[in-house]
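Reading the structure
Spelled out from the first residue to the last, the chains are:
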Amino acid sequence: MTTEERIEASETRIFKAVFPNTTNHYDTLFGGTAMQLMDEVAFITATRFARKRVVTVSSDKIDFKKPIPAGTIVELIGRVSHVGKTSMKVNVEIYTEQMYSYEREKAIVGDFTFVAIDEFKKPIQIL
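If you check an unreviewed UniProt entry, the protein chain appears there as Acyl-CoA thioesterase from Chryseobacterium edaphi. As recorded by UniProt, the Sequence similarities (unreviewed entry) comment attached to the protein chain reads in full: "Belongs to the acyl coenzyme A hydrolase family."

Following this line, the structure appears as structure tokens:
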């Protein structure tokens, strides 16, 4: 399988409903909760790409473009955007969807960097 085919095959999509227990006093999703969901999707994407142990080493700029209100559905999409020798970058986007309409908009975008490791937690080649 080529690198491009692996990138395509590892794209990860997860849907979640935004319930009141995950929102702040403005009735929108906590930023920290959004970042946790993004890191989880990024981890799954990186693991599916490398098929090796991976760990998060950084989260780059995360842009909160739109608030995510309670009572909406969110789709998180993770895609490998760069592959190095031992590390890879995963871009994650969060889209919001109204439950009872077809309205959909991009709410948050961010990048996460992962390193592949061996059983001794030392970096190893991804490809």
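1. Observations regarding the nonpolar core
Core analysis: the largest hydrophobic core is formed by 26 residues, its most contacted members being Met38, Ile68, Met88, Val90, Ile94, Ile108 and Phe114. The set of elements that each furnish at least two residues to this core consists of α2 (31-50), β2 (53-64), β3 (72-83), β4 (87-98) and β5 (104-117). When residues in this core are grouped by element, the largest group, eight residues, is from α2. Each residue touching isoleucine 94, except ones within four places of it in the same chain, is listed here: Ala34, Met38, Ile68, Val74, Glu75, Leu76, Glu105, Lys106, Ala107 and Ile108.

2. Examining α2
Helical geometry: 3.6 residues make up each α-helical turn, so side chains three or four residues apart lie on a common side. Relative to the 28 Å expected for 20 residues at 1.5 Å per residue, α2 spans 28 Å between its end C-alpha atoms, a close match to the ideal helical length. Ala34, Leu37, Met38, Val41, Ala42, Thr45, Ala46, Phe49 and Ala50 are the residues of α2 that are buried. Buried residues in α2 make contact with α1 (3-10), β1 (12-17), β2, β3, β4 and β5. Just downstream of α2 lies arginine 51, where phi reads positive at about 55°.

3. Considering the UniProt feature "domain: HotDog ACOT-type" (unreviewed entry) in the protein chain
Following the UniProt record, the feature "domain: HotDog ACOT-type" (unreviewed entry) maps to residues 8-120 here. This span, residues 8-120, is 20% helix and 50% strand, and a straight line between its end C-alpha atoms measures 30 Å.

4. Here's the deal with the packing of aromatic side chains
In this structure the tally under the stated criterion is zero aromatic pairs. Its end group placed over the ring of phenylalanine 49, arginine 6 keeps NZ or CZ at 4.7 Å from the ring centre.

What counts, and where the lines are drawn
Residues numbered from 1 in each chain as written. Predicted model: local features only at pLDDT ≥ 70, side-chain atom pairs only at ≥ 80, totals over all residues. Heavy atoms only, no water. UniProt positions renumbered as here; feature names shortened; annotations may be inferred. Core = buried A, V, L, I, M, F, W, Y, C linked by side-chain atoms within 4.5 Å. Buried < 20%, exposed > 50% of the residue type's maximum accessible area, 1.4 Å probe, protein only. Helix = DSSP H or I, 4+ residues; strand = E, 2+ residues; numbered from the N terminus. Contact = heavy atoms within 4.5 Å. Expected span 1.5 Å × (residues − 1). Phe/Tyr/Trp six-rings, centres within 6.5 Å; stacked < 30°, edge-to-face > 60°. Lys NZ or Arg CZ within 6 Å of the ring centre and 35° of its normal.

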